[in-house]
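Chain residues, written in single-letter form:
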Amino acid sequence: MKHRSWEPQNLSNAFTPLPQDVRDALMDTVGSVKEEPQVKRITLRTVLIAALALLLMTTVALAASELLGISDFFEDFYGVQVPQGAQDAMPLQQPMSFEVGEATFSVQELICDGHLALCSTAVRMTDGSEALFVMDAADCIGTEQMERLGLSLPEGATWLEAAQALDRPLYLVRALIEPQNGAVEAEMEDLYYQADGTPLYVSMPLLESASVTDEELSVNFYFSLTAVDLETGDTLKDGRWTSNEHTASLSICPLLEEKTYRPAQASEIAGFAVGEITARRYATGVYTSLALTAGEGMKQEDVSALHEAMFKLRLLDGEGQPLPDGISLSSGIDEGGFPQVQVEHMFSLEALPESLILSYGDDQISMR
């Protein structure tokens, strides 16, 4: 049986530290489990048209010049630049808007490259009134959001306390994109607040390799809205709405460029012989796969040593500069073909380098 494990890259080197007032955006990508009970997804294609009044209102509110989106999310939270090709391809000409309970969920960005899918969804009260939308009422509100709301609460104040101080409705929200084939390795989701305070829900499933074989990926949208009792902090029994009947077909970003890099001479990493690196570039970035071969006498359980070694493993360009991290925010080790092992990374690049340097501790291996 094919086994793949996903591990975060070296967090101390790879990602920009998050501000204290911003909740850690990356959910655990290993064995991530949804916080809510599994909901049966109904594969039912619907006409994605909102009422004319709502359509006009959304068009004005979501003018591109006024929006922050997925690119801002990755840059602000992680210092990761989304390639320009993806920035150009993600925004929808017209957001797809759906009413769920008392709120309107407007899907405004979508992209899929066959390795991952990305979706951003803005959430607003349908009647135009003000409310707070959060993932968890017990989360700290953070200084920036407190200032935006004109609050002077003690450090560490929660969203529930903010809603109480403002006497404003508080809702828990989720807005996910899910492939209909269910082939997901892991997924990340988080809430990102735009400049005007509008919450933008970002959902990113990492797709199983070889699960996308067509030019399109059929996906379901899952929306959830839950009202919170401001006095107790409990969710209201009659204040929960979900929607899972909306679907779409995403065009898969084409492969733009491919290159194979080979070591200048025979080399080893943690007892594994270094083979070639295959790099494939899409609008979303570059996926690299490093082929390693386990040494004689090694057993599959010895791959655990490679997991430890991966935190010292880095790819540099020909000038010795680290390649910028990609939007998948993860690395993978595919040991299903043991003794052949594949180490996979994603990088944010607009073009493939002429050469690479594989750095491991004090050792550097030239790859061309």
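For the structure, see preceding data.
Rules used in this analysis
- Along each chain, residues carry numbers from 1 onward, in the same order as the chain's sequence is written.
- Reporting of local features is limited, given that this is a predicted model, to residues whose pLDDT is at least 70; pairs of side-chain atoms are given and counted only at 80 or more, and all residues count toward the totals for whole chains, interfaces and linings.
- Remark: hydrogens and water are excluded; side-chain values derive from all non-hydrogen atoms of the structure.
- A strand pair is defined by DSSP finding two or more bridges across the two strands.
- Segments assigned H or I by DSSP are reported as helices when at least four residues long, segments assigned E as strands when at least two residues long, and all are numbered from the N terminus.
- Here an axis means a line fitted to C-alpha atoms, over the contact stretch when the element is a helix, while the angle between two N-to-C directions is reported on a 0 to 180 degree scale.
- Take the buried residues of types Ala, Val, Leu, Ile, Met, Phe, Trp, Tyr and Cys, join any two whose side-chain atoms come within 4.5 Å, and each joined set is a nonpolar core.
- Only protein chains enter the calculation, and the probe is 1.4 Å; a residue is then buried if its accessible area is under 20% of its type maximum, exposed if over 50%, and partly exposed in between.
- A carboxyl oxygen of Asp or Glu within 4 Å of a side-chain nitrogen of Lys or Arg is what we treat as a salt bridge.
- With a 1 Å grid laid over protein atoms only, a set of points is called a cavity when a 1.4 Å probe fits there but cannot get out and a pocket when it is open yet has protein on both sides within 12 Å along at least five of seven lines; lining residues have an atom within 4 Å of a point.
- Grid points are joined across faces, edges and corners, and a volume is the space filled by probe spheres set on the points.
- Ten residues, namely Ala, Val, Leu, Ile, Met, Phe, Trp, Tyr, Cys and Pro, are considered nonpolar, four, namely Asp, Glu, Lys and Arg, are considered charged, and the remaining ones, Gly among them, are considered polar.
- In what follows, residue pairs with any heavy atoms lying within 4.5 Å of each other are defined as contacts.

Engineer: Outline the sheet that holds strand S20 (residues 363-367), listing residues and values.
Structural biologist: Spatially, three strands are ordered S16-S19-S20 in an open sheet, and the strand pairing comes out antiparallel. Two strands lie at the open edges of the sheet, namely strand S16 (313-317) and S20, each paired on one side alone. The mean inter-strand angle of the sheet, taken between neighbouring strand axes irrespective of direction, is 25 degrees.

Engineer: An account of the nonpolar core is needed here, citing residue identities and associated values.
Structural biologist: Counting residues in each nonpolar core, the largest one holds 49 residues, and the members touching the most others are Phe-105, Phe-133, Leu-170 and Phe-221. When residues of this core are assigned to their parent elements, the largest contribution, eight residues, is made by strand S9 (residues 216-228). Counting 28 residues, the second largest nonpolar core, distinct from the first, contains Ile-277, Val-286, Val-341 and Leu-349.

Engineer: Requested: an account of unusual backbone geometry, with residues and values cited.
Structural biologist: Of note, the amide linkage connecting Phe-338 to Pro-339 takes the cis form, showing an omega dihedral of 15 degrees. Here Leu-329, not a glycine, exhibits a phi torsion of approximately 60 degrees, which is positive. By the secondary structure assignment, Leu-329 is in the loop between S16 and strand S17 (331-334).

Engineer: Outline the pattern of salt bridges, listing residues and values.
Structural biologist: Counted under the stated rule, the structure contains five salt bridges. With a shortest N-O distance of 2.7 Å, Arg-174 and Glu-189 are connected by a salt bridge. Taken as a pair, Arg-174 in strand S6 (residues 170-179) and Glu-189 in strand S7 (residues 184-193) lie far apart in primary sequence, 15 residues in all. This pair shows no difference in class: Arg-174 is buried, exactly as Glu-189 is.

Engineer: Explain the layout of surface pockets to me, and be specific about the residues and the numbers.
Structural biologist: The volume enclosed by the largest pocket comes to roughly 510 Å³. Around the largest pocket sit 26 residues that line it, and Gly-114, His-115, Ser-209, Tyr-287 and Glu-344 are the ones nearest its centre. Elements with a contribution of two residues or more to the lining of the largest pocket: strand S1 (4-7), strand S8 (199-207), strand S14 (272-282), strand S15 (285-294) and strand S18 (340-347). Grouping the amino acids of the lining of the largest pocket by side-chain chemistry returns nine nonpolar, 11 polar and six charged.

Engineer: Let's hear about the pairing of S6: which residues, and what values?
Structural biologist: Where burial is concerned, most of S6 is hidden: nine out of the 10 residues are buried. By the bridge criterion, three bridges tie strand S5 (residues 132-134) to S6 in an arrangement that is parallel. Residue pairing across strands places Val-134 opposite Leu-172, the latter belonging to S6. Summarising the sheet, S6 and S9 pair through nine bridges and their orientation is antiparallel. Paired with Ile-177 across the two strands is Phe-221, which belongs to S9.

Engineer: Could you give an account of the sheet that holds strand S3 (residues 103-112), naming the residues involved and the relevant values?
Structural biologist: Strand order across the open sheet formed by five strands is S2-S3-S4-S8-S7, with antiparallel pairing between neighbours. Edge positions in the sheet fall to strand S2 (91-100) and S7, since each has one partner strand and no second. The sheet shows a mean angle of 20 degrees between the axes of neighbouring strands, taken without regard to direction. Across nine bridges, the pairing between S3 and strand S4 (residues 117-125) is antiparallel. Looking across to S4, one finds that Ala-103 is bridged to Met-125. Sheet strands in contact with helix H3 (residues 70-78) are S3, S4, S7 and S8, and its direction is about 90 degrees off that of S7.

Read these as geometric descriptors, not functional statements.
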